[in-house]
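Architecture at a glance
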Amino acid sequence: MKIQNEFRCVFPAVSANEALARAALSAFLIPSDPTAQELADLRTVISEAVTNAIVHGYRNSSGDVAICLRMLPDRVLYIRVSDKGCGIPDIEQAMTPLYTSAPEEERAGLGFAIMQEFTDSLHVRSSAGNGTVLTMRRKLGQIHAEPES
Amino acid sequence: MKLHYDADKRELLVLLDGELDHHRSALLRNEIDTAVYMHMPAVLILDFHDVTFMDSSGIGLIMGRYKILQPMGGEIQIQNPSAYIGRVLRLAGMERLAKISEEVSA
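Below is a summary of the structure that appears in this document.

Across its full length, chain A holds four helices and five strands. Helices (α) and strands (β) of chain A occur, in sequence order from the N terminus, as β-α-α-β-β-α-α-β-β. Computed over the C-alpha atoms, the radius of gyration of chain A is 15 Å, within 12% of the 15 Å expected from 2.2 N^0.38 for a compact globule of 149 residues. Principal-axis analysis of the C-alpha atoms gives chain A an extent of 40 × 35 × 30 Å.

Now the structure itself:
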């Protein structure tokens with residue numbers, strides 16, 4: 001995998017850092033001249049992934065979230081968000097739209113649905129007790145379909 | 001965020017602003033709910049004109065208020081979403097819970 005540019009950072013799992021992750025994504029992506037929609041979509045994607053790590057990975061306890069952004073050849077953005085939290089015991093259930101393990105937090109259960117809609121590929125590696133690694137790719141400069149209503 | 005209550009129409013207007021993520025939604029929901037329980041509005045209008053970012057936490061905020069309003073016989077209206085916010089609202093099927101007014105340009 002030839003990398004054209006890369007950015008990595010680690011920050012504590014506190015909700016104020018969701019905005020920091022979006023700002024990092026914007027700063028990394030802007031030199032690649034994304035469309036307004038691509039930037040909005042990908043800011044949403046990283047926000048969902050980091051929020052999942054904070055709310056579900058660590059259940060609002062302390063720990064670190066790591067993000068890695070890579071610009072690959074052909075304007076493919078690679079995003080990896082990882083935590084060392086509780087892990088996802090049942091990935092299929094977690095990815096079911098409207099399913100949430102934290103209804104008391106008013107989670108809509110749509111994080112994975114949005115990440116899937118706004119990226120070309122999404123891969124989840126997780127097991128109970130061993131944290132979670134999300135990797136996603138999105139090629140810039142393509143017409144991204146409007147979701148079906 | 002600003003709140004206006006119109007007692008004649010029993011409408012509570014919530015002018016949302018900025019970035020509606022998990023961090024901010026958790027702060028806003030208490031403020032909105034305090035006004036909802038105080039006024040028991042027939043209509044809760046959520047105005048998205050000044051919202052610059054929203055992820056599924058914003059959807060959670062709408063769904064949570066819907067669950068409070070519905071047993072009171074109240075309804076939710078969403079107005080002035082940008083094209084981008086409109087896309088997230090449609091993806092979440094929010095038109096099933098709330099009347100969504102014309103989108104303004106992003």
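Residue and element names in this part refer to chain A. With antiparallel pairing, the five strands of this open sheet are ordered in space as S1-S2-S3-S5-S4. The open sheet has two edge strands, strand S1 (5-12) and strand S4 (121-126), and neither has a second partner. For this sheet, the mean inter-axis angle between neighbouring strands, taken without regard to orientation, is 10 degrees. Two strands pair when backbone bridges link them, and strand S2 (residues 64-72) and strand S3 (residues 76-83) are joined in this way by eight bridges, in the antiparallel orientation. From the neighbouring strand, leucine 72 faces S3, where its bridge partner is valine 76. Along the sheet face, helix H1 (residues 17-29) touches S1, S2 and S3 and points at about 170 degrees away from the line of S1. Sitting on the sheet, helix H2 (residues 36-57) touches S2, S3 and strand S5 (132-139), and the angle it makes with S3 is about 10 degrees.

To continue, consider the nonpolar core. Ile46 and Val81 of chain A together with Leu46, Ile62 and Met94 of chain B are the most contacted members of the largest nonpolar core, which totals 60 residues. In terms of residue count, the dominant contributor to this core is H2 of chain A (nine residues). In contact with isoleucine 62 of chain B, not counting residues within four places along its chain, are Leu46, Ile76, Met94, Leu97 and Ala98 of chain B.

Contacts between chain A and chain B engage 21 residues on the former and 21 residues on the latter. Looking at the side of chain A that touches chain B, the elements with two or more residues in it are H1, H2 and helix H4 (111-117) of chain A. At eight residues, the largest contribution of residues to the side of chain A that touches chain B is made by H2 of chain A. Within the side of chain A that touches chain B, the residues separate by chemical class into nine nonpolar, six polar and six charged.

With that settled, consider the environment of glutamate 18 of chain A. Along the polypeptide, glutamate 18 of chain A turns up in helix H1. Classification of glutamate 18 of chain A as buried rests on a count of 27 C-beta atoms within 10 Å. Setting aside chain neighbours within four positions, we find glutamate 18 of chain A in contact with Ser47, Val50 and Thr51 of chain A together with Asp21, His22 and His23 of chain B.

Moving on: the sheet that holds strand S2 (residues 11-20) of chain B. Pairing between the strands of a sheet comes from backbone hydrogen bonds, and it takes one of two forms, parallel or antiparallel. Residue and element names in this part refer to chain B. Across the sheet, five strands lie side by side as S1-S2-S3-S4-S5; this open sheet has mixed pairing. Bordering the open sheet on either side are strand S1 (2-6) and strand S5 (99-100), each of which pairs with just one other strand. Pairing analysis gives nine bridges linking S2 to strand S3 (residues 43-54), with the strands arranged parallel. Bridge pairing links leucine 15 to aspartate 47 in S3. Helix H1 (residues 22-39) contacts S1, S2 and S3 of the sheet and is inclined by roughly 175 degrees relative to S2.

So, how was this worked out
Residues numbered from 1 in each chain as written. Chains lettered and ligands numbered in written order. Predicted model: local features only at pLDDT ≥ 70, side-chain atom pairs only at ≥ 80, totals over all residues. Helix = DSSP H or I, 4+ residues; strand = E, 2+ residues; numbered from the N terminus. Rg over C-alpha atoms; globule rule 2.2 N^0.38 Å. Pairing = 2+ DSSP bridges. Axes fitted to C-alpha atoms, helices over the stretch in contact; angles between N-to-C directions. Contact = placed C-beta atoms within 7 Å. Core = buried A, V, L, I, M, F, W, Y, C linked by C-beta atoms within 7 Å. Buried ≥ 20, exposed ≤ 12 C-beta atoms within 10 Å, placed from the backbone. Nonpolar A, V, L, I, M, F, W, Y, C, P; charged D, E, K, R; others polar.

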